[in-house]
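Fold and contact review
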Amino acid sequence: MPDAIATSITLNGDPYPLGGDTPLTALLERLKMRRGRVAVEINREIVPKANYDATIVRAGDQVEIINFVGGG
Amino acid sequence: MSTTRKAEKMQDTSFELGGRKFKSRLIVGTGKYRDFAETKAAVEESGAEIVTVAVRRVNITDRGKENLLDFIDPKRYQILPNTAGCFTAEEAIRTCRLAREVGVGDLVKLEVIGDQQTLFPDVAATLEAARVLVKEGFKVMPYVTDDPVTCLRLQEIGCVAVMPLAAPIGSGLGIRNPFNLAIIIEQAKVPVIVDAGVGTASDAAEAMELGCDGVLMNTAIAGAKDPIAMARAMKLAVEAGRLAYRAGRIERKLYATASSPLTGLIG
């Protein structure tokens, strides 16, 4: 489906359907992720927390969302 | 010695890392536990104030998953993100930048692995990453080989601590080179934390008796049959080792010296 590809992003290495430009806060909400628990990179650039509201995720973006897991 | 004087002697000075003071000299990891509840219980029992975590992609498909920070409260513990799994300076730097953006401070445990089988550090890449991270304002605690010269270099770069290994990560072999550690401790102007290789309580006590400022461990607690009990054992061992170091041990002698008076013997 070319339309789906045209509107999808790469999220943590896998394709993810976006459905048009989406504010980062809306994407995090959709993913049920709390901003205090994650950090976000778009196209290898870190998005500072203060910019979350103003940041728009666009089709084709490479998005990385990380959190903390158990480790030594 | 008066009781007040005794109490003073027993009272240890806190140790400082990146401008913050800590009472506990045991730093614990959060990996390899059965679940977050066990992680939390073990961390609490250990008395640790600094807790290491790893940085990974969030699980997109399993969104309801609990988050580690819901169990290890960042308001109560100093979270120390690590760069475990990074094999290049670039990966480690990227990981630290992301970790800082989560919002738990700028203290990081830098590890750049050089070999999959031994998990020994890539010293050149560790130095390279440390230089960049220090410039970016990170408080860097590098995991490093027990090499005195590398520890000096890391200190010169501006790392807030050096963390020489006791033995390979997760090996439980204990302190393989106490002499190198003794040199590192003598030369260091920043805290020295033995990181990796501790197997049981006596290993932790030995590190502290050598004069280390702290011990960092994960597997020794998480991999024990009873992690909660081992967490307590490690807490006590670190305290005992530190106290013994401060008390000043007797010199080793080849021959006996009687503990009881040699005069007034019967007969």
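Preceding block: the structure.
Residues numbered from 1 in each chain as written. Chains lettered and ligands numbered in written order. Predicted model: local features only at pLDDT ≥ 70, side-chain atom pairs only at ≥ 80, totals over all residues. Heavy atoms only, no water.

1. As for the environment of Leu 69 of chain B
Heads up, the rule is: Only runs of H or I of at least four residues qualify as helices and only runs of E of at least two qualify as strands under DSSP, and these elements are numbered from the N terminus.
Mapped onto the elements, Leu 69 of chain B comes out in the loop between β4 (50-57) and β5 (78-81). Counting along the chain gives 33 residues from Leu 69 of chain B to Phe 36 of chain B, while the straight-line C-alpha distance between them is 9.5 Å.

2. Looking at the packing of helix α7 (residues 201-209) of chain B against helix α9 (residues 227-247) of chain B
Residues and elements named next belong to chain B. Just so we agree on the cut-off: As a rule, the C-alpha atoms of each element are fitted with a line to give its axis, helices using only the stretch in contact, and angles between N-to-C directions run from 0 to 180 degrees. Each angle is binned into one of four classes, with values under 35 degrees roughly parallel, values over 145 roughly antiparallel, values of 65 to 115 roughly perpendicular, and all other values oblique. Left-handed describes a crossing whose near helix is turned anticlockwise from the far helix by less than a right angle; the clockwise case is right-handed. Two residues qualify as a contact provided that any one of their heavy atoms is within 4.5 Å of a heavy atom in the partner residue. Think of it as three bins: nonpolar holds Ala, Val, Leu, Ile, Met, Phe, Trp, Tyr, Cys and Pro, charged holds Asp, Glu, Lys and Arg, and polar takes everything else, Gly as well.
Two elements in contact, α7 and α9, have axes separated by 7 Å at closest approach and are oriented at 30°. Considered as vectors, α7 and α9 are oriented roughly parallel to each other. The way α7 lies across α9 gives a crossing that is right-handed. For the pair α7 and α9, the contacting residues are Ala 201, Ala 204, Ala 205, Met 208 and Glu 209 in the first and Ala 233, Met 234, Ala 237, Val 238, Gly 241, Arg 242, Ala 244 and Tyr 245 in the second. Here the residues of the contact of α7 with α9 are counted per class, giving ten nonpolar, one polar and two charged.

3. Considering the sheet that holds strand β8 (residues 163-164) of chain B
Residues and elements named next belong to chain B. Note the following rule: A strand pair is defined by DSSP finding two or more bridges across the two strands.
Read across the sheet, three strands follow the order β6-β7-β8 without closing on themselves; strand pairing throughout is parallel. Both edges of this open sheet fall to β6 (107-110) and β8, since each of them pairs with a single strand only. In this sheet, β8 lies alongside strand β7 (residues 139-144) in parallel orientation, the contact comprising two bridges. By the bridge assignment, Tyr 143 is partnered in β8 with Met 163.

4. Quick word on helix α2 (residues 36-46) of chain B
All names here are of chain B. Going by this rule: The cut-offs for exposure are 20% and 50% of the maximum accessible area for each residue type, with area from a 1.4 Å probe on protein chains only; residues under the lower value are buried, those over the upper are exposed, and the others partly exposed. Arc definition: it is the arc formed by the directions from the helix axis to the C-beta atoms. Any pair of N or O atoms that falls within 3.5 Å is considered a polar contact. Within protein, one atom must be able to donate a hydrogen and the other to accept it, and sequence-neighbouring residues count only if both atoms are side-chain atoms.
For α2, the complete set of buried residues consists of Glu 38, Thr 39, Ala 42, Val 43 and Ser 46. The arc that holds the buried residues of α2, viewed along the axis, is 130°, so those residues lie on one side. Where α2 is buried, its residues contact β3 (26-28), β4, α8 (219-222) and α9. The N-cap of α2, judged by a side-chain oxygen 3.2 Å from the amide nitrogen of Ala 37 a few residues on, is Asp 35.

5. A short note on the packing of helix α3 (residues 89-102) of chain B against helix α4 (residues 123-135) of chain B
Helix packing for two helices is described by the angle between their axes and how far apart those axes are. Residues and elements named next belong to chain B. Relative to each other, α3 and α4 sit at 35°, their axes nearing to 9 Å. Considering how the two elements wind past one another, α3 and α4 form a crossing that is right-handed. Along its contact with α3, which presents Ala 89, Ile 93, Cys 96 and Arg 97, the element α4 presents Ala 125, Glu 128, Ala 129, Val 132 and Leu 133.

6. Details of the interface of chain A and chain B
Going by this rule: Summed over both partners, the accessible area (1.4 Å probe) lost when two parts come together is defined as the buried area. Should a side-chain nitrogen of Lys or Arg be within 4 Å of a carboxyl oxygen of Asp or Glu, the pair is scored as a salt bridge.
Facing the 28 residues of chain A at the interface are 32 residues of chain B. Contact with chain B buries surface across chain A, with Arg 37, Phe 68 and Gly 72 of chain A losing the most and accounting together for 28% of the total. Run the count over chain A and chain B and you get five salt bridges. A salt bridge links Arg 44 of chain A to Glu 90 of chain B, with the nearest nitrogen and oxygen atoms 3.6 Å apart.

7. What to know about the packing of aromatic side chains
In this description, a pair of aromatic rings is defined by centroid distance and the angle of the planes. All names here are of chain B. Cut-off, in case you're wondering: A pair of aromatic rings is counted whenever rings of Phe, Tyr or Trp (Trp by its six-membered ring) have centres within 6.5 Å, and the orientation is called stacked for planes under 30 degrees apart, edge-to-face for over 60 and tilted otherwise. A ring is scored as having a charge over it whenever the NZ atom of a lysine or the CZ atom of an arginine sits within 6 Å of its centre and within 35 degrees of its normal.
Using the criterion set out here, one finds two aromatic pairs over all chains in the structure. Ring geometry for Phe 15 versus Phe 22: centroids 6.3 Å apart, planes at 50°, classification tilted. Assigned by exposure class, Phe 15 and Phe 22 land together as buried. Ring plane angle 40° and centroid distance 5.3 Å describe the contact between Phe 36 and Phe 71, whose orientation is recorded as tilted. Here Phe 36, found in helix α2, pairs with Phe 71, found in the loop between β4 and β5; they are 35 residues apart in sequence, far enough to count as distant. The ring centre of Phe 138 lies 3.7 Å from the NZ or CZ of Arg 100, which sits over that ring.

8. Some words on the pairing of strand β10 (residues 214-217) of chain B
All names here are of chain B. Spelled out, the test is: If the strands point away from the viewer and the path from the first strand over the helix to the second runs clockwise, then the crossover is right-handed.
The alternating pattern of β10 places Gly 214 and Leu 216 and Val 215 and Met 217 on opposite faces, both of which are buried. When β3 meets β10, the two strands line up parallel, connected through three bridges. When the sheet's bridge partners are listed, Val 28 is paired in β10 with Met 217. Remark: the strand β9 (residues 193-195)/α7/β10 crossover connection has right-handed handedness.

9. As for the state of the cysteines
Residues and elements named next belong to chain B. Here is the rule we go by: The disulfide criterion is simple: two cysteine sulfur atoms within 2.5 Å.
Under the definition given, this model contains zero disulfides over all chains. Cys 96 takes part in no disulfide bond, and the closest cysteine sulfur to it belongs to Cys 86, at a distance of 7.6 Å. Since its relative accessible area comes to 1%, Cys 96 is described here as buried.

10. Description of the side chain of Asp 195 of chain B
All names here are of chain B. Inspection of the secondary structure puts Asp 195 in strand β9. At 3.0 Å, the side chain of Asp 195 forms a polar contact with the side chain of Lys 109. Filtering out sequence-adjacent residues up to four positions away, Asp 195 remains in contact with Lys 109, Tyr 143, Met 163, Pro 164, Leu 165, Ala 166 and Leu 216.

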